[in-house]
Amino acid sequence: YELEPFFLPLLDDGKETGQFISISANLLMSNSVLGREINKVLPLLRKNIYNILKRKQPLDFMLKRSRTEEIIKKEILTASNALLLSGSGTISDVFFSRFMIK
């Protein structure tokens with residue numbers, strides 16, 4: 001399931017740094033029917049992902065980027081699966097086709 005890209009400023013203690021994060025993510029679904037469930041909760045799912053990204057500090061991306069990517073993946077998986085109906089399936093992985101700091 002391909003999500004529309006995310007683009008937001010990186011903040012350091014609430015202040016803009018002049019840097020931006022640009023992420024394109026795809027969700028790996030346990031079954032093909034799950035796409036309809038995702039469509040139902042998509043606005044809330046996107047809001048949760050924005051909140052996950054907003055909480056990250058610029059140093060998270062500069063010093064430990066690969067670890068930060070893994071942490072973000074896990075947080076997206078947890079937040080996304082919590083929104084889905086029980087028994088409808090799960091999102092089993094998140095793939096980033098773009099993960100850039102500008």
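**Remarks on the pattern of salt bridges**
Note on pairing: side chains with opposite charge can pair once their charged atoms come close. Evaluated as defined, the whole model comprises five salt bridges. Two residues, Glu 37 and Lys 40, come together in a salt bridge whose shortest N-O distance is 3.2 Å. You can see Glu 37 and its partner Lys 40 sitting in helix 1 (residues 34–54), three residues apart, about one turn around the helix. The residue Glu 69 makes a salt bridge to Arg 65 at a minimum N-O spacing of 3.3 Å. On the criterion of helical spacing, the pair formed by Glu 69 and Arg 65 is a turn pair, its members being four residues apart in helix 3 (residues 65–83). Counted as one network, the salt bridges with shared partners bring together Arg 55, Lys 56 and Glu 75.

**Things to note about the confidence of the model for the protein**
Of the residues in the protein, 100% have a pLDDT of 70 or more, and the chain-wide mean is 91. When the elements of the protein are averaged for pLDDT, helix 2 (residues 58–63) gives the smallest value, 82, and helix 1 the largest, 94.

**Description of the packing of aromatic side chains**
As enumerated under the stated definition, the model contains four aromatic pairs in all. Each ring, one from Phe 7 and one from Phe 20, has its centre 5.1 Å from the other, and the planes form 5°; the classification is stacked. Taken together, the residues Phe 7 in strand 1 (residues 6–12) and Phe 20 in strand 2 (residues 15–29) connect sequence positions 13 residues apart. With a centroid separation of 5.9 Å and 50° between ring planes, the pair formed by Phe 61 and Phe 99 is classed as tilted. Here Phe 61 is found in helix 2, whereas its partner Phe 99 is found in strand 3 (residues 91–101), with 38 residues between them in sequence. Under the relative-accessibility criterion, Phe 61 is labelled buried at 3%. Note on Phe 99: relative accessible area 9%, which makes it buried. The rings of Phe 61, Phe 96 and Phe 99 are connected pair by pair, giving a single aromatic cluster. One cation-aromatic arrangement involves Arg 46 over Phe 6; the distance from NZ or CZ to the ring centre is 4.1 Å.

Here is what the cut-offs are and how they apply
- Residues numbered from 1 in each chain as written.
- Predicted model: local features only at pLDDT ≥ 70, side-chain atom pairs only at ≥ 80, totals over all residues.
- Heavy atoms only, no water.
- Salt bridge = Lys/Arg side-chain N within 4 Å of Asp/Glu carboxyl O.
- Helix = DSSP H or I, 4+ residues; strand = E, 2+ residues; numbered from the N terminus.
- pLDDT = per-residue confidence, 0-100.
- Phe/Tyr/Trp six-rings, centres within 6.5 Å; stacked < 30°, edge-to-face > 60°.
- Buried < 20%, exposed > 50% of the residue type's maximum accessible area, 1.4 Å probe, protein only.
- Lys NZ or Arg CZ within 6 Å of the ring centre and 35° of its normal.

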